[in-house]
Amino acid sequence: MSTSYDPLFDLERDAHVVVPSLEHAIDRARKILDEKAKANIHDRDEMIRAAYGPHYVLHDLLAALDAERGEHR
């Protein structure tokens, strides 16, 4: 299916090459949540970045959890 935009996540383009350790993924998640909590809600660009960054960190966190459990997705 063709779209008129580039999706935020594309499985073929954004597949994990290296899965981080669970400890590293949790640390990154905490760091980005703290960082993005300070974004100016009235600034459109900051809000876009505030959504974009955690999206990829969450993918890494879930990949690390899956690896910890012995699951591969």
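Residues numbered from 1 in each chain as written. Predicted model: local features only at pLDDT ≥ 70, side-chain atom pairs only at ≥ 80, totals over all residues. Heavy atoms only, no water.

1. Notes on the overall build of the protein chain
- Counting its regular elements, the protein chain contains three helices and zero strands.
- The secondary structure elements of the protein chain, listed N-terminal to C-terminal, are α-α-α.
- The buried share among the 73 residues of the protein chain stands at 19%.
- Within the protein chain, residue pairs in contact and separated by at least 24 positions form 67% of the contacts whose partners lie at least 6 positions apart.
- Carbon and sulfur atoms form 54% of the exposed surface of the protein chain, whose accessible area is close to 6100 Å². (Helix = DSSP H or I, 4+ residues; strand = E, 2+ residues; numbered from the N terminus. Buried < 20%, exposed > 50% of the residue type's maximum accessible area, 1.4 Å probe, protein only. Contact = heavy atoms within 4.5 Å. Areas by Shrake-Rupley, 256 points an atom, 1.4 Å probe, with all protein chains shown as cover.)

2. As for the environment of Leu22
- Within the secondary structure, Leu22 is located in helix H2 (residues 22-36).
- Taking C-alpha positions, Leu22 is 7.2 Å from Glu68, a pair spaced 46 residues apart along the chain.
- Those residues in contact with Leu22 that sit more than four places away from it in its chain are Leu61, Ala64, Leu65 and Glu68.

3. Structural notes on the nonpolar core
- Formed by Ala25, Ala29, Ile32, Val57, Leu61 and Ala64, the largest nonpolar core amounts to six residues.
- Listing elements by their share of this core, those giving two or more residues are H2 and helix H3 (44-69).
- When near neighbours in sequence (up to four residues on either side) are disregarded, Leu61 contacts Leu22, Ala25, Ile26 and Ala29. (Core = buried A, V, L, I, M, F, W, Y, C linked by side-chain atoms within 4.5 Å.)

4. Some details on H3
- Over its 26 residues, H3 extends 38 Å from the first C-alpha to the last, a length consistent with the 38 Å expected when each residue adds 1.5 Å.
- Positive phi appears at Gly70, one or two residues downstream of H3, with a value of about 80°. (Expected span 1.5 Å × (residues − 1).)

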